[in-house]
Amino acid sequence: MGEVDVAFIQDIEHRSKLNNIVEAGGIPLIDLSPLFSSHDDDDSNARRTDLIAKIGSACREWGFFQVINHGVASDLQQRVEAAVKKFFALSSEEKQKVKRDEVNPLGYYDTEHTKNVRDWKEVFDFTMKDPMVIPASHQPHDQELQELRNQWPDYPPEFREVCEEYAIALKKLSFKLLELVALSLGLPAERLNGYFNDENTSFIRLNHYPPCPAPHLALGVGRHKDAGALTVLAQDDVGGLDVKRKTDGEWIRVKPIPGSYIVNVGDIIQVWSNDRYESAEHRVTVNSERGRFSIPCFFNPSHHVMVKPLEELINNQNPPKYNEYNWGKFFKTRKLSNFKKLDVENIQIYHFKLSG
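Residues numbered from 1 in each chain as written. Predicted model: local features only at pLDDT ≥ 70, side-chain atom pairs only at ≥ 80, totals over all residues. Heavy atoms only, no water.

Chemist: How do you make sense of the environment of Val 103 when you look at a structure like this?
Modeler: Looking at where Val 103 falls in the secondary structure, it is placed in the loop between helix 4 (92-96) and strand 3 (107-110). Each C-alpha atom, one on Val 103 and one on Ala 136, is 9.5 Å from the other, the two residues being 33 residues apart in sequence. Look past the residues within four positions of Val 103 in its chain and what remains in contact with it is Gln 146 and Leu 148. (Helix = DSSP H or I, 4+ residues; strand = E, 2+ residues; numbered from the N terminus. Contact = heavy atoms within 4.5 Å.)

Chemist: Looking at this model, I keep getting lost on the packing of helix 3 (residues 74-88) against helix 6 (residues 159-184). Mind explaining?
Modeler: Relative orientation and spacing of two packed helices are given, respectively, by the angle between their axes and the distance between those axes. Two elements in contact, helix 3 and helix 6, have axes separated by 9 Å at closest approach and are oriented at 135 degrees. As the angle between them shows, helix 3 and helix 6 are arranged oblique. Of the two possible hands of crossing, helix 3 and helix 6 adopt the one that is left-handed. Along its contact with helix 3, which presents Leu 76, Arg 79, Val 80, Ala 83, Val 84 and Phe 87, the element helix 6 presents Phe 159, Val 162, Glu 165, Tyr 166 and Ala 169. The residue makeup of the contact of helix 3 with helix 6, split by class, is nine nonpolar, no polar and two charged. (Axes fitted to C-alpha atoms, helices over the stretch in contact; angles between N-to-C directions. Parallel < 35°, antiparallel > 145°, perpendicular 65-115°, else oblique. Left-handed = near helix turned anticlockwise from the far one by under 90°. Nonpolar A, V, L, I, M, F, W, Y, C, P; charged D, E, K, R; others polar.)

Chemist: It is not clear to me how the packing of aromatic side chains should be interpreted in this structure. Could you clarify?
Modeler: What describes a pair of aromatic rings is the distance from one ring centre to the other and the angle between the planes of the rings. If you walk through the whole model with that rule in mind, you get 22 aromatic pairs. With a centroid separation of 6.3 Å and 40 degrees between ring planes, the pair formed by Phe 88 and Phe 293 is classed as tilted. Of this pair, Phe 88 sits in helix 3 while Phe 293 sits in strand 14 (residues 292-299), and the two are 205 residues apart along the sequence. The exposure class assigned to Phe 293 is buried, which follows from its relative accessible area of 17%. Ring geometry for Phe 196 and Trp 272: centres 6.1 Å apart, planes at 75 degrees, overall edge-to-face. With Phe 196 in the loop between helix 6 and strand 7 (203-209) and Trp 272 in helix 7 (residues 267-272), this residue pair connects regions lying 76 residues apart in the sequence. In textbook terms, an aromatic cluster arises when at least three aromatic residues are bridged by ring pairs, as seen for Phe 87, Phe 88, Tyr 108, Phe 124, Phe 126, Trp 152, Phe 159 and Phe 293. (Phe/Tyr/Trp six-rings, centres within 6.5 Å; stacked < 30°, edge-to-face > 60°. Buried < 20%, exposed > 50% of the residue type's maximum accessible area, 1.4 Å probe, protein only.)

Chemist: Explanation requested: the sheet that holds strand 9 (residues 230-235) in the structure shown.
Modeler: Sheets are built from strands that pair by backbone hydrogen bonding, the pairs being arranged parallel or antiparallel. An order of 1-2-12-9-14-7-4-3 is seen for the eight strands of this open sheet, with the pairing classed as mixed. Pairing within the sheet leaves two strands with one partner each, and these edge strands are strand 1 (29-31) and strand 3. Across the sheet, the mean angle separating the axes of adjacent strands is 25 degrees when strand polarity is ignored. With four bridges joining them, strand 2 (residues 64-68) and strand 12 (residues 261-265) adopt antiparallel strand pairing. By the bridge assignment, Val 67 is partnered in strand 12 with Tyr 261. Contacting strand 3, strand 4 (122-127), strand 7, strand 12 and strand 14, helix 3 runs over the sheet at an angle of about 115 degrees to strand 14. In the packing of helix 6 onto the sheet, contacts are made with strand 2, strand 4, strand 7, strand 9, strand 12 and strand 14, and the angle to strand 9 comes to roughly 130 degrees. (Pairing = 2+ DSSP bridges.)

Chemist: Is there a simple way to explain the nonpolar core in this structure?
Modeler: One recurring pattern in soluble globular proteins: nonpolar side chains tend to sit buried together. Core analysis: the biggest nonpolar cluster contains 78 residues, and Phe 124, Leu 206 and Ile 269 have the highest contact counts within it. Ranked by residue count, the leading element in this core is helix 6, at 14 residues. Here Ile 269 is in contact with Leu 178, Val 181, Leu 192, Gly 228, Ala 229, Leu 230 and Tyr 277, once residues within four sequence places are set aside. In this structure, Ile 27, Tyr 209, Val 243 and Ile 262 belong to the second largest nonpolar core, which totals 15 residues. (Core = buried A, V, L, I, M, F, W, Y, C linked by side-chain atoms within 4.5 Å.)

Chemist: Explain the layout of surface pockets to me, please; I cannot follow it from the model alone.
Modeler: One water molecule sets the probe size; rolling that probe over the atoms shows where empty space is left. Roughly 380 Å³ of volume is contained in the second largest pocket. Along the wall of the second largest pocket there are 20 residues; nearest its centre are Glu 81, Ala 234, Gln 235, Asp 236 and Gly 259. Residue assignment for the lining of the second largest pocket shows that the elements contributing at least two residues are helix 3, strand 9 and strand 14. In terms of residues, the lining of the second largest pocket owes the most to one element, helix 3, which gives six residues. Among the residues making up the lining of the second largest pocket, the classes are represented as ten nonpolar, seven polar and three charged. (1 Å grid on protein atoms, 1.4 Å probe; cavity = no way out; pocket = protein on both sides within 12 Å on 5 of 7 lines; lining within 4 Å. Points joined across faces, edges and corners; volume = space filled by probe spheres on them.)

Chemist: I'm lost on the sheet that holds strand 8 (residues 221-224) in this one. Help?
Modeler: Strands sit in the order 8-13-10-11 across an open sheet of four strands; the sheet is antiparallel. Looking at the sheet topology across the chains shown, the edges are occupied by strand 8 and strand 11 (251-253). Put simply, the sheet's adjacent strands are angled 20 degrees from each other on average, direction ignored. Bridge count between strand 8 and strand 13 (residues 282-284): two bridges; the pairing is antiparallel. By the bridge assignment, Val 221 is partnered in strand 13 with Val 284.

Chemist: Honestly, unusual backbone geometry in this entry has me stumped. Any pointers?
Modeler: Apart from glycine, the bulk of residues carry a negative phi angle, and the bulk of peptide bonds sit in the trans form. A cis amide bond links Asp 130 to the next residue, Pro 131, at an omega of 5 degrees. Inspection of the secondary structure puts Pro 131 in the loop between strand 4 and strand 5 (132-135). The residue after Tyr 155, namely Pro 156, is reached through a cis peptide bond having omega -5 degrees. The topology assignment puts Pro 156 in the loop between strand 6 (145-148) and helix 6.

Chemist: Explain empty space enclosed by the protein to me, please; I cannot follow it from the model alone.
Modeler: Inspection of the entire model under this criterion finds two cavities of 30 Å³ or more. Put simply, the second largest cavity is a space of about 30 Å³. If you trace the second largest cavity, you find it lined by Tyr 209, Pro 210, Val 238, Gly 239, Thr 285, Val 286, Asn 287, Arg 290 and Arg 292.

Chemist: When you look at the environment of Ala 227 in this model, what are you seeing that I'm missing?
Modeler: Topologically, Ala 227 is positioned in the loop between strand 8 and strand 9. You can call Ala 227 buried: its relative accessible area is 13%. Counting along the chain gives 104 residues from Ala 227 to Phe 331, while the straight-line C-alpha distance between them is 8.2 Å. When residues no more than four places from it in sequence are discounted, the contact partners of Ala 227 are Asp 267, Ile 268, Trp 327, Phe 330 and Arg 334.

Structure, rendered in structure tokens:
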């Protein structure tokens, strides 16, 4: 049995326990307002220092945190949410006009047409950089590249414009969060920025989880970890995101806070930090009464980046725990595995773990 099948079986075994959710003691809530202070006095500097410490603690202990006062305009958040709801309300025939395929993984897809029985959702993906450049093949010595271009529907007419405006705002926020993570690791603020140049592979996903007639038999998204660097998620008031607490393995329901973002470190941060910060398992549960909408932004480096533990964070006492790997090839392999589960292995970072 392959690894994907094992994970699916584990999900099934846990579905009888989906109601065993801990509502209290949720992920850390962090106020980012010190980032936007124009003052340079002792009090402002102390608030920024405290902010960096909170980010570091959240990354170590949870791999997740929630942010408020983040600088993304509430009007923009509301406009993109309205456009997303209009798009998913279209007929299936209209949405299928911008469906993704094996050549271009951008655009629309749903579980009905992908035959993915594990997840209960429909999705629209678009890149933050259009076109996005990735390897044409997952083969390690193939140097050919391909361009992926966004597919935009004709309706709603404002859809493309508001999505592109939103991508600019999320890019700014993602860089601010990346710099906070770097500072919390004792690195210069811009130490990681160079990995995310104009050829970055970041993308935004629009999710709709319809009401499910048998929520105890399905998951919106099965338990998983994110492969990229950072994920910045907006969710509506329905909720359903569960995070696996590292201390005891309990599933924690993340409470929706209007206008906030939920942030988690991905596998790339885990490797860069040499396991100081570990990505956390999470999942999405569905319900029978209300549909749920969410918008994750997957902030990923450029395709040519070789991912390995950062030199500043390794020494004789803390040697590197991972072999380096090319992010573009890794990304391509993961994308292909969505379509060819029997042909391409669903690669994970533990495949690059050094024995020690």
